[in-house]
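# Structural overview for review
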Amino acid sequence: MSDEINTLEDLQAVVGEAAAPEIDLTPREPQIDALGRSYATGKRKDAVARVWIKPGSGKVTVNGKPQNEYFARPVLQMILAQPFSIAGVVGEFDVVATVKGGGLSGQAGAVKHGVSKALQLYNPTLRGALKAAGFLTRDSRVVERKKYGKAKARKSFQFSKR
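Residues numbered from 1 in each chain as written. Predicted model: local features only at pLDDT ≥ 70, side-chain atom pairs only at ≥ 80, totals over all residues. Heavy atoms only, no water.

Looking now at the pairing of strand β1 (residues 38-44). Every second residue of β1 is oriented toward a common face, the buried set being Ser38, Ala40, Gly42 and Arg44 and the non-buried set Tyr39, Thr41 and Lys43. Note: β1 against strand β2 (residues 47-55), 7 bridges, orientation antiparallel. Looking across to β2, one finds that Lys43 is bridged to Val48. (Buried < 20%, exposed > 50% of the residue type's maximum accessible area, 1.4 Å probe, protein only. Helix = DSSP H or I, 4+ residues; strand = E, 2+ residues; numbered from the N terminus. Pairing = 2+ DSSP bridges.)

Moving on, we come to the layout of surface pockets. If you add up the space inside the largest pocket, you get close to 220 Å³. In terms of lining residues, the largest pocket is bounded by 13 residues, among which Arg44, Ile79, Gly109, Lys112 and Asp139 are the most central. At 4 residues, helix α4 (residues 104-122) tops the list of elements feeding residues into the lining of the largest pocket. (1 Å grid on protein atoms, 1.4 Å probe; cavity = no way out; pocket = protein on both sides within 12 Å on 5 of 7 lines; lining within 4 Å. Points joined across faces, edges and corners; volume = space filled by probe spheres on them.)

This part is about unusual backbone geometry. Phi is positive for Lys45, close to 55°, though the residue is something other than glycine. Along the chain, the position of Lys45 falls in the loop between β1 and β2. The exposure class of Lys45 is partly exposed, given its relative accessible area of 39%. Of note in the backbone geometry, Asn63 takes a positive phi value of approximately 50° without being a glycine. Tracing the sequence through the fold places Asn63 in the loop between β3 (60-62) and β4 (65-66).

The next thing to look at is the packing of aromatic side chains. The tally for this structure, following the rule as stated, stands at 3 aromatic pairs. On the numbers, 5.0 Å between centres and 85° between planes, the contact of Tyr70 with Phe71 is edge-to-face. Across the pair, Phe71 and Tyr70 agree in class, each one buried. Summarising the aromatic geometry, the rings of Phe93 and Tyr122 are spaced 5.1 Å apart at their centres and angled 80° between planes, so their arrangement reads as edge-to-face. Taken as a pair, Phe93 in strand β5 (residues 93-100) and Tyr122 in helix α4 lie far apart in primary sequence, 29 residues in all. Here Phe93 and Tyr122 have matching classes, each one buried. (Phe/Tyr/Trp six-rings, centres within 6.5 Å; stacked < 30°, edge-to-face > 60°.)

All right, on to the nonpolar core then. Formed by 31 residues in total, the largest nonpolar core has its most connected members in Ile53 and Leu119. Elements represented by at least two residues in this core include exactly β2, β3, α3 (74-87), β5 and α4. When sequence neighbours within four positions are dropped, the list of residues in contact with Ile53 reads Gly36, Arg37, Ser38, Phe93, Asp94, Val95, Ala118, Leu119 and Tyr122. (Core = buried A, V, L, I, M, F, W, Y, C linked by side-chain atoms within 4.5 Å. Contact = heavy atoms within 4.5 Å.)

Structure, rendered in structure tokens:
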């Protein structure tokens, strides 16, 4: 190679302007419907949650029941509160969610996922904090299927030498 490239300017001259990637730096637009709500779908295990959020007093309704009545265990209530505490908007949004499938733990995770997605759609500036906490990613862990010749997915039947 006869031409030596020692600086970034030399590299730019060799590569040219056509190779520079186009990066879209326009800010995200809030997605709010005519009723002032944002909608998102959350999933976890076999549970699917449809979540609507709107500004309010912090009331959470799941399948027509208050949050502390539907999710009686404090751990599940804490899971639902995580996106609001990470985003710093505790008590500022009302949540209406309908959940189907799975058990209570999976349903709580699905509502958390849906609330996180709806929050970032309502206010795109919250996206960084929610994404850094990992709340916008669907937790893809599911139960492993049972294999033939095994008691469960991996457990074997008792071995007898004689």
